[in-house]
Amino acid sequence: EKGGYEHFMFKEIMEQPEALRRCIFPRIKDNQVYFEDFGLSEDYIRSISKIYIVACGSSYHVGMVGKYNIERLTRKPVEVALASEFRYMSPIVDENTLVVAISQSGETLDTMAALREAKRLGAKVLSIVNVVGSSIARESDEVLYTWAGPEIAVATTKAYSTQMAVIDLLALYFARILGTVEQTEYETVLQEMLLLPGKMETILSHTDTVQYLASQYFNHDSVFFIGRNVDYALGLEGSLKLKEISYIHSEAYASGELKHGTISLIENGTLVVALGTYSKLFDKAMSNVVEVKARGADVLALTTQSHRDEMAQTANAVMTIPDTHDLLLPSLGVVPLQLFAYYVALMRGCDIDKPRNLAKSVTVE
Ligand code: M6R
């Protein structure tokens, strides 16, 4: 049932283009986002004063990208909270708050508790869930399914990618109703979303490059991921993937924070994974690469095809993704990071599908 692959995780990484097609294609009709039987009315959407995203782990990382994208497209304020913190922080939530719960399993206890607290405070809850009919889906006012298909490996991959696609579709759907996005940008993003599965296939046809890089770096015992804006959110996910399955200590930092402490940890040979996919901030990403290299770091960079050559002049090695609309970069950027974590874990002989101490769905607090 692993489709000829050694691990579910690898199978699920490879299934991502297909999962994205299932998730995205039926939801774009006549150049518009289309959600079948969607219960949130246009009046309600206009009345939303704030969006609160609650989730755990990788789903929370999707929420972080969601914040950037929803705010940029809709100009509605978005807060993102770890579901495990939400109910202990007296959140400012009322009838005009839309709470978005993101969960692959739909059974994560902390996310469920946050959902219940949000409802108690009068908010509407929209959930983005993979498992059809799961508890979170059943208790939400509205559900958008990710349709990624069953995900078996503890480390999430295709659920993450499809959650991201749903968040982007939601942001576009709201933006159109609110009139906060220009028609041309709206259509460009939608067209680019349709191209995502094919672009992902391009990345997945070059797994050997990432495998080679993993063979160069799998022996490190500490790794830093750095990036700004969506690249920071991407770094958090890349770092979680790596530590979860390879047991290598790794941390993700917003690049601007380096000088506020982190840079003291960089010494000769420290591996820094520098994320520079976001073109608006590419120059900043480059200067951070120069900065850590000057302290002796070994830099493995991730950027887009169009910035590859420039990045390669400074970084020790570069992984690339095809160019796409800015809003969609994390959807492609995550794939080489998933593959990197996978191959590193493989080379270290780890139990990839069932890492120690972890469960696929966390149903205790
Ligand atoms: O099922 P959920 O999306 O609610 O799960 C949330 C986290 O437990 C999950 O994303 C976890 O962080 C993954 N194992 C990371 O790969």
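Provided above is the structure to which this section pertains.
What you see is a predicted model, and the numbers here were worked out from it, not measured in a lab.

Colleague: Could you give me a rundown of the site of the ligand, with the residues and numbers involved?
Modeller: Residues in contact with the ligand amount to 14 residues; listed here are only the nearest, Ser59, Ser103, Gln104, Thr108 and Glu244. Here an oxygen atom of the ligand and a backbone polar atom of Ser58 are 3.1 Å apart. In the environment of the ligand, a nitrogen atom lies 2.6 Å from a nitrogen or oxygen atom belonging to the side chain of Glu244. Computed on the free molecule, the ligand has an accessible area of 410 Å², of which 91% lies beneath the protein chains in the complex. Per-class residue counts for the shell around the ligand are 4 nonpolar, 8 polar and 2 charged.

Colleague: So what about helix H12 (residues 282-294)? Which residues, and what values?
Modeller: Compared with an ideal rise of 1.5 Å per residue, which puts 13 residues at 18 Å, H12 spans 18 Å between its outermost C-alpha atoms and is within 8% of the ideal. For H12, the set of buried residues is Phe282, Ala285, Met286, Asn288, Val289, Glu291 and Val292. Those residues of H12 that are buried are in contact with strand S8 (222-227), strand S10 (271-276), strand S11 (298-304) and helix H13 (308-312). The first or second residue beyond H12 is Gly296, which carries a positive phi of 100 degrees.

Colleague: Go over unusual backbone geometry, please, and point to the residues and values.
Modeller: With a phi angle near 55 degrees, Asn229 is a residue other than glycine that sits in the positive phi range. As for its position among the elements, Asn229 is in the loop between S8 and helix H11 (230-246). Phi is positive for Asn357, which is not a glycine, with a value near 65 degrees. Of note, Asn357 is situated in the segment after helix H14 (329-347).

Colleague: Explain the sheet that holds strand S4 (residues 78-82) residue by residue, including any values.
Modeller: Strands in a sheet are paired, the pairing made by backbone hydrogen bonds, and the direction either parallel or antiparallel. Pairing is parallel across the open sheet formed by 5 strands, whose spatial order is S4-S3-S5-S6-S7. Both edges of this open sheet fall to S4 and strand S7 (142-145), since each of them pairs with a single strand only. Going from strand to strand, the sheet's axes swing by 20 degrees on average, the running direction of each strand aside. The sheet contact formed by strand S5 (residues 97-103) and strand S6 (residues 124-129) spans 6 bridges and is parallel.

Colleague: Account for the packing of aromatic side chains, with residues named and values stated.
Modeller: Tallying each qualifying case throughout the model produces 10 aromatic pairs. Between Phe35 and Phe38 the ring centres are 5.1 Å apart and the planes differ by 50 degrees, which places this aromatic pair in the tilted class. With respect to class, Phe35 is no different from Phe38; both count as buried. Taking NZ or CZ as reference, Lys124 lies 5.2 Å from the ring centre of Tyr44, over its face. Positioned above the aromatic ring of Tyr247 is the side chain of Arg356, whose terminal nitrogen or guanidinium carbon lies 3.7 Å from the ring centre.

Colleague: Describe the pattern of salt bridges, and please don't skip the residues or the numbers.
Modeller: Throughout the structure, instances matching the rule amount to 18 salt bridges. Salt bridges sharing partners connect three or more residues here, namely Lys11, Glu15 and Lys158.

Colleague: I'd like a rundown of the nonpolar core, residues and numbers included.
Modeller: Within the largest apolar cluster, 95 residues are counted, with the highest numbers of intra-cluster contacts made by Ile51, Ile53, Leu98, Phe174, Met193, Leu300 and Phe340. Broken down by element, the residue count for this core peaks at 13 residues, all from helix H8 (residues 158-178). Not counting chain neighbours up to four residues away, the residues in contact with Leu300 comprise Leu213, Tyr217, Leu271, Val272, Val273, Ala274, Ala317, Met319 and Phe340. Counting 18 residues, the second-largest nonpolar core is a separate cluster that includes Ala83, Val93, Val129 and Ala137.

Each value, and the rule that gives it
Counting restarts for each chain: residues are numbered from 1 in the order of the written sequence. Where totals are concerned, whole chains, interfaces and linings use all residues; where local detail is concerned, this predicted model gives features only for residues with pLDDT of at least 70, and gives and counts side-chain atom pairs only at 80 or more. Computation of side-chain values: all heavy atoms of the structure, hydrogens and water removed. Being near a molecule or strand, for a residue, comes down to having at least one heavy atom within 4 Å of it. What qualifies as a polar contact is a pair of N or O atoms within 3.5 Å, subject to a donor-acceptor requirement within protein and to the restriction that residues adjacent in sequence count only when both atoms come from side chains. Where accessible areas are quoted, they stem from the Shrake-Rupley method and a 1.4 Å probe; at the residue level, only the protein chains shown are allowed to cover. Residues are grouped as follows: nonpolar covers Ala, Val, Leu, Ile, Met, Phe, Trp, Tyr, Cys and Pro; charged covers Asp, Glu, Lys and Arg; every other residue, Gly included, is treated as polar. Note on conventions: DSSP H or I runs of at least 4 residues are helices, E runs of at least 2 residues are strands, and numbering of each starts at the N terminus. In this scheme, a helix's expected span is set at 1.5 Å multiplied by one less than its residue total. Working definition: with a 1.4 Å probe on protein chains only, accessible area under 20% of the residue-type maximum means buried, over 50% means exposed, and in between means partly exposed. Throughout, a residue-residue contact means that at least one pair of heavy atoms, one from each residue, lies within 4.5 Å. The rule for pairing is simple: two strands pair if DSSP sees at least two bridges between them. Note on method: axes are straight lines fitted to C-alpha atoms, helices fitted across the in-contact stretch only, with angles between N-to-C directions ranging 0 to 180 degrees. Two rings from Phe, Tyr or Trp (for Trp, the six-membered ring) form a pair when their centres sit within 6.5 Å of each other. Planes less than 30 degrees apart are called stacked, planes more than 60 degrees apart edge-to-face, and all others tilted. Look at NZ for Lys and CZ for Arg. If either is within 6 Å of the ring centre and within 35 degrees of the ring normal, a charge sits over the ring. A pair is scored as a salt bridge if a Lys or Arg side-chain nitrogen falls within 4 Å of a carboxyl oxygen belonging to Asp or Glu. Side-chain atoms within 4.5 Å link the members of a nonpolar core, which is a set of buried Ala, Val, Leu, Ile, Met, Phe, Trp, Tyr and Cys residues.

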